[in-house]
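Below, each chain spelled out in residue letters.
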Amino acid sequence: MSDYRKLARRRLPKFLFEYVDGGSYDEVTLRRNRTDLQNMALRQRVLRDVSNVDLGIELFGRRQSMPIALGPIGLAGMLARRGERQAVVAAEDAGIPFCLSTVSACSLSEVADAARAPFWFQLYMMRDRGFVRDLLAQAREQGCKVLVFTVDMPVPGARYRDYRSGLAGASGLRGAVRRGGQALRHPGWAIDVGLCGRPHSLGNVAPLLGRKTGLDDFFAWMRGNFDPSVTWRDLEFIRGAWDGPLVIKGILDADDARAAADLGAEGIVVSNHGGRQLDGVPSTAEALPAIVDAVTGRLKVLADSGVRSGLDVARLLCLGADCVLLGRAWAYALGAGGGTAVRHMLTLFQAELRVALSLTGVNRIAELDREALVA
């Protein structure tokens, strides 16, 4: 995955690469997500029959080829031409779910036009509940089967790299010129996305943005429209507008996991938003075991943050995750080479995960547990 990161860095304008690559504040949690996974040793076992390894799982009523999904990435459509359309096709080709972000470049209808099977939709709670209700209705109409409700962003974290790069805090003509100068130094991206990838709007929230569609307008809109007053009671509103599986994303505390289960959620995502929200919190790998112990058998436990290989996926599965969401991994690949690169990245993850099962001596995903880790 480091190769795709390097390629993305070469191809993307600085403001986009830093948006994908960066975290909040001093990026302590961003680094912790990686180091805690890397420091987990898998327990190698030998002379076991691993001639029939099966990576498939059942999740929310559907069979998928491996315990991986492409998690929601905001502005992914700016990383390659109509990037979310390319990514959903790559995910379908790999036999795994794709989750579209509320703040995607491509709208629900545009992604549905490219998709051949149902995909997931990720929701941020906004002050305008009528708009949220309409957005959920659109998701249902476009065939989305699973709703991922992100709850760890009542206010955006301070991502200083975005300010230094000119993505945030650089409004008006001055900001546009600064970003435009960066784009011109990356002609491949400028042609593929800058010219041929229009319109550069946020398809799902365009009705709220109106004529203000610039990046600086978007970040100002986020600060003004994400709802810091949201509480567990708002899940009643979500349930009233959504009758499919509901997954609560952004859980880091066992008590919050229990609350999600008590309110009838079908799943949670143990996540610190990839180190992009509150800095200094535990890594996903550190938080996951206690959460799994608190809600085992009550709902599905998914996890993300810091995952760069099939071996990392195996580590989180050993800790009790039922499925792992990829974030930066597929964003790097998309930025490096579009849907073709995402497809290739997923074949690498699949091969790495197959090796991980084989060399820990198991044949099924369900057989991976904490016994497969060196104590």
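The structure this text deals with has already been given above.
Residues numbered from 1 in each chain as written. Predicted model: local features only at pLDDT ≥ 70, side-chain atom pairs only at ≥ 80, totals over all residues. Heavy atoms only, no water.

A. Broad picture of the packing of helix H1 (residues 2-11) against helix H2 (residues 14-21). In contact at an axis separation of 8 Å, H1 and H2 are set at 150 degrees when each is read in the N-to-C sense. When the axes of H1 and H2 are compared, the pair comes out roughly antiparallel. In this structure, H1 uses Arg-5, Ala-8 and Arg-9 to contact H2, whose residues at the interface are Phe-17, Glu-18 and Asp-21. (Axes fitted to C-alpha atoms, helices over the stretch in contact; angles between N-to-C directions. Helix = DSSP H or I, 4+ residues; strand = E, 2+ residues; numbered from the N terminus. Parallel < 35°, antiparallel > 145°, perpendicular 65-115°, else oblique. Contact = heavy atoms within 4.5 Å.)

B. The pairing of strand E6 (residues 147-150), seen in detail. Burial of E6 is two-sided: the residues Leu-147 and Phe-149 facing one way and the residues Val-148 and Thr-150 facing the other way are all buried. One ladder, built from four bridges, connects strand E5 (residues 120-124) with E6; its direction is parallel. Bridge pairing in E6 links Tyr-124 to Thr-150. Tracing the backbone out of E5, into helix H6 (residues 129-141) and back to the parallel element E6 gives a crossover that is right-handed. As paired strands, E6 and strand E7 (residues 246-251) are joined by four bridges and run parallel to one another. Within the sheet, the bridge partner assigned to Phe-149 lies in E7 and is Ile-248. (Buried < 20%, exposed > 50% of the residue type's maximum accessible area, 1.4 Å probe, protein only. Pairing = 2+ DSSP bridges. Right-handed = clockwise from strand over helix to strand, strands pointing away.)

C. Here's a closer look at the pattern of salt bridges. Across all of its chains, the model carries 21 salt bridges by this definition. Here Arg-129 and Asp-234 are joined by a salt bridge, their closest N and O atoms 2.9 Å apart. With Arg-129 in helix H6 and Asp-234 in helix H12 (residues 234-241), the pair connects residues that are 105 residues apart, well separated along the chain. Neither Arg-129 nor Asp-234 differs from the other in exposure class; each is buried. For Glu-266, the salt bridge goes to Arg-239, with nearest N and O atoms at 2.8 Å. (Salt bridge = Lys/Arg side-chain N within 4 Å of Asp/Glu carboxyl O.)

D. Local environment of the pairing of strand E10 (residues 323-326). The alternating pattern of E10 places Cys-323 and Leu-325 on one face and Val-324 and Leu-326 on the opposite face, and all of these are buried. Here three bridges tie strand E3 (residues 68-70) to E10, and the two strands are oriented parallel to one another. Following the sheet pairing, Ala-69 is matched in E10 by Leu-325. Note: strand E9 (residues 300-303) against E10, two bridges, orientation parallel. In the sheet register, Leu-302 faces E10, and the bridge partner there is Cys-323. For the segment spanning E9, helix H15 (residues 310-318) and E10, crossover handedness is right-handed.

E. Region of the structure containing unusual backbone geometry. With an omega of 10 degrees, the peptide bond running from Arg-198 to Pro-199 counts as cis. Here Pro-199 shows up in the loop between helix H9 (187-195) and helix H10 (206-209). The backbone of Tyr-25 shows a phi angle near 50 degrees, a positive value even though the residue is not glycine. Mapped onto the fold, Tyr-25 is located in the loop between H2 and helix H3 (28-38). Tyr-25 gets classed as partly exposed once you look at its relative accessible area, which sits at 39%. Unlike most non-glycine residues, His-273 shows phi in positive territory, near 65 degrees. Residue placement: His-273 occurs in the loop between strand E8 (267-270) and helix H14 (284-295).

Note that all results are geometric; they support no functional claim without further evidence.
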